[in-house]
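# A structural walkthrough
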Amino acid sequence: MDLRKPLGNKIRFYRKQKGLTQEQLAEKIGIETNTLSNIETGKSFMSFKVFQKLPEILEVQPYEFFIYDENVTAEHKKELVSKIKNTKNSKLLFLIENLINQFD
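Reference entry: report on the structure contained in this document. Keep in mind that this is a model prediction, so the values were computed, not measured.

## Considering the nonpolar core
Grouped burial of nonpolar side chains is what soluble globular proteins tend to show. Formed by 19 residues in total, the largest nonpolar core has its most connected members in Ile 11, Leu 25, Met 46, Leu 54, Leu 58 and Phe 65. Looking at this core, the elements with two or more residues in it are helix H1 (4-17), helix H2 (22-29), helix H3 (33-40) and helix H4 (48-58). Here this core gets 5 residues from one element, more than from any other, and that element is H4. Once residues within four sequence positions are removed from consideration, Leu 58 is found in contact with Ile 11, Tyr 14, Arg 15, Lys 18, Leu 20, Leu 25 and Phe 65.

Written as structure tokens, this is what we have:
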């Protein structure tokens, strides 16, 4: 399995969750914006030096970059959580059951 794409997706997810643009994160890391773009799109791997900076800047544990299901994207998970938050109670149990089934 090529880890570049899922790892890049995780970095993008945590960057957006933190409210940072690619330019802002690249500056904090000390790399060019196009380098970060290539990392996020899975075109290239990051150096170990870059990886060491990410957890602190994005406020996540290093292992969290490697927890993913290749069939369920971060955006898909976000969409499901959003639907649950905006659903009336009568449908909530149904959605939660579907959510649990998606990740089993």
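## Remarks on H3
Buried within H3 are the following residues: Leu 36, Ile 39 and Glu 40. Burial along H3 is one-sided: seen end-on, the buried residues are contained in an arc of 95 degrees. At its buried positions, H3 is contacted by H1 and H2. The first or second residue beyond H3 is Gly 42, which carries a positive phi of 80 degrees.

## Some words on the packing of H2 against H4
Put simply, H2 and H4 touch, their axes get as near as 10 Å, and they point 120 degrees apart. Considering the angle they form, H2 stands oblique to H4. With respect to the hand of their crossing, H2 and H4 are arranged in right-handed fashion. Of H4, the residues touching H2 (which contributes Leu 25, Lys 28 and Ile 29) are Val 50, Lys 53, Leu 54, Ile 57 and Leu 58. The class makeup of the residues in the contact of H2 with H4 is 6 nonpolar, no polar and 2 charged.

Thresholds applied
- Residues numbered from 1 in each chain as written.
- Predicted model: local features only at pLDDT ≥ 70, side-chain atom pairs only at ≥ 80, totals over all residues.
- Heavy atoms only, no water.
- Core = buried A, V, L, I, M, F, W, Y, C linked by side-chain atoms within 4.5 Å.
- Buried < 20%, exposed > 50% of the residue type's maximum accessible area, 1.4 Å probe, protein only.
- Helix = DSSP H or I, 4+ residues; strand = E, 2+ residues; numbered from the N terminus.
- Contact = heavy atoms within 4.5 Å.
- Arc of directions from axis to C-beta.
- Axes fitted to C-alpha atoms, helices over the stretch in contact; angles between N-to-C directions.
- Parallel < 35°, antiparallel > 145°, perpendicular 65-115°, else oblique.
- Left-handed = near helix turned anticlockwise from the far one by under 90°.
- Nonpolar A, V, L, I, M, F, W, Y, C, P; charged D, E, K, R; others polar.

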